[in-house]
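Read off the chains here:
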Amino acid sequence: MYILCSPCILSPSLRAKGITHPSDIAAFARSIGRCKKFGIDVVSLPCPETLYLGNDRQPGTFLERLNTPEFASILENLSQQVNAIIEERGPPLCILGVNSSPTCGVTSTYYGADGEAPDKRSGRGVFYAKFPNIPAQDVFDFSKYRIYLAAPLFSEAERTYNASIADLLRSHYYEVYLPQETGDDRAERGKKEHIQIFRRNKRAIKDADFVVAIIDGADADSGTSWEIGYAAGLKKKVIALRTDFRMAGSHERVNLMLEQSASVVTDKHKLLAELGALRVDVPMLGKKSI
């Protein structure tokens, strides 16, 4: 199990001068930390821009700096090297890139002004475009993997279902905080324990990148509803899983305030898609799949 990684994520000094900010360094570190946590090997890609322009280079678009036959030849040679890695190791989970890069952008790239088109456009950088069948993820998206799982936990059925959702998320390389695993599942608790649980769960919501909330039932659980509201107030992304087919109104699957505070999904596959989970069933190079 491995990913192919833009080399500047591992060595930020490879980036063009002046474009790296503390938020970039933090995202790079969190992404590598995610790989370490889940035992994902990180295989560094070569850096086409460094090979062509050197380490001490100014920022620029593809059309300004790289649109030459010599650079096209470098890209072709490097893409053959990457395909050899894939042939030897099998398909990677994904390519990890850095958006806006002329070569390693994932969903945006500084290609350069071309007619009426702006410098920055949607799509992959010119190096990553060589691998259209390999899923790619921007490093800032990949670095967000800590989930607070909010759900009712008062019956065996509820706790079993919660645990199954936590297992599903962990199998897709997410770190999951599930309150029932930290002692918040006992009927008899003193006031001191209540305060400790409240503070611990509140801190876990603050630390999370996402809140996933289970809101099945005739009405959503009151504690879960509070956790959704608190997370929304912190501007966290909240994804609410409701497999219950009952409607709260003609245009509402659940309470209006909850629905406006979260993205409501109706099954596990849609939950993973909303999270941007790594795909493991995408055809690779037209002949393999993972």
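Preceding this paragraph is the structure being described.
Residues numbered from 1 in each chain as written. Predicted model: local features only at pLDDT ≥ 70, side-chain atom pairs only at ≥ 80, totals over all residues. Heavy atoms only, no water.

### A few points about the packing of helix α7 (residues 156–171) against helix α11 (residues 268–275)
Where α7 contacts α11, the two axes come as close as 11 Å, and the packing angle between them is 45°. Between α7 and α11, the interaxial angle falls into the category oblique. Once α7 is placed against α11, the crossing between them reads as right-handed. For the pair formed by α7 and α11, the contact residues are Y161, I165, L168 and L169 on the first element and K268, L271, L272 and L275 on the second. (Axes fitted to C-alpha atoms, helices over the stretch in contact; angles between N-to-C directions. Helix = DSSP H or I, 4+ residues; strand = E, 2+ residues; numbered from the N terminus. Parallel < 35°, antiparallel > 145°, perpendicular 65-115°, else oblique. Left-handed = near helix turned anticlockwise from the far one by under 90°. Contact = heavy atoms within 4.5 Å.)

### Let's talk about the environment of I3
Within the secondary structure, I3 is located in strand β1 (residues 2–5). Along the sequence, I3 and T109 sit 106 residues apart, while their C-alpha atoms lie 21 Å from each other. Sequence-distant contacts of I3, that is, excluding residues within four places in its chain, are made with C35, I40, D41, V42, V43, P92, L93, C94 and L96.

### With respect to the nonpolar core
I9, L149, L169, Y174, L271 and L275 are the most contacted members of the largest nonpolar core, which totals 38 residues. Broken down by element, the residue count for this core peaks at four residues, all from helix α2 (residues 22–38). When neighbours within four sequence positions are excluded, I9 is seen to be in contact with F28, I32, L96, G97, V98 and V139. Core analysis: the next-biggest nonpolar cluster, separate from the first, contains 20 residues, V43, L45, V106 and V126 among them. (Core = buried A, V, L, I, M, F, W, Y, C linked by side-chain atoms within 4.5 Å. Buried < 20%, exposed > 50% of the residue type's maximum accessible area, 1.4 Å probe, protein only.)

### Brief notes about the pattern of salt bridges
The full count for this structure, using the stated rule, is 10 salt bridges. A salt bridge links D207 to R203, with the shortest nitrogen-to-oxygen separation between them at 3.8 Å. With a gap of four residues between them, D207 and R203 both fall in helix α8 (residues 191–207), about one helical turn apart. Judged by its relative accessible area of 39%, D207 falls in the partly exposed class. (Salt bridge = Lys/Arg side-chain N within 4 Å of Asp/Glu carboxyl O.)

### Examining the packing of aromatic side chains
Applying the stated criterion across every chain, the model contains eight aromatic pairs. Aromatic side chains F127 and Y128 sit 6.2 Å apart centroid to centroid with 45° between the ring planes, which places their arrangement in the tilted category. For F127, a relative accessible area of 0% gives the class buried. Looking at Y128, the relative accessible area reads 0%, which means it is buried. (Phe/Tyr/Trp six-rings, centres within 6.5 Å; stacked < 30°, edge-to-face > 60°.)

### Overview of the environment of I19
With respect to the helices and strands, I19 occurs in the loop between α1 (7–10) and α2. Taking the relative accessible area as the measure of exposure, I19 reaches 31% and is therefore partly exposed. Taking C-alpha positions, I19 is 7.5 Å from P59, a pair spaced 40 residues apart along the chain. Apart from the residues within four sequence positions on either side, I19 is in contact with D24 and P59.

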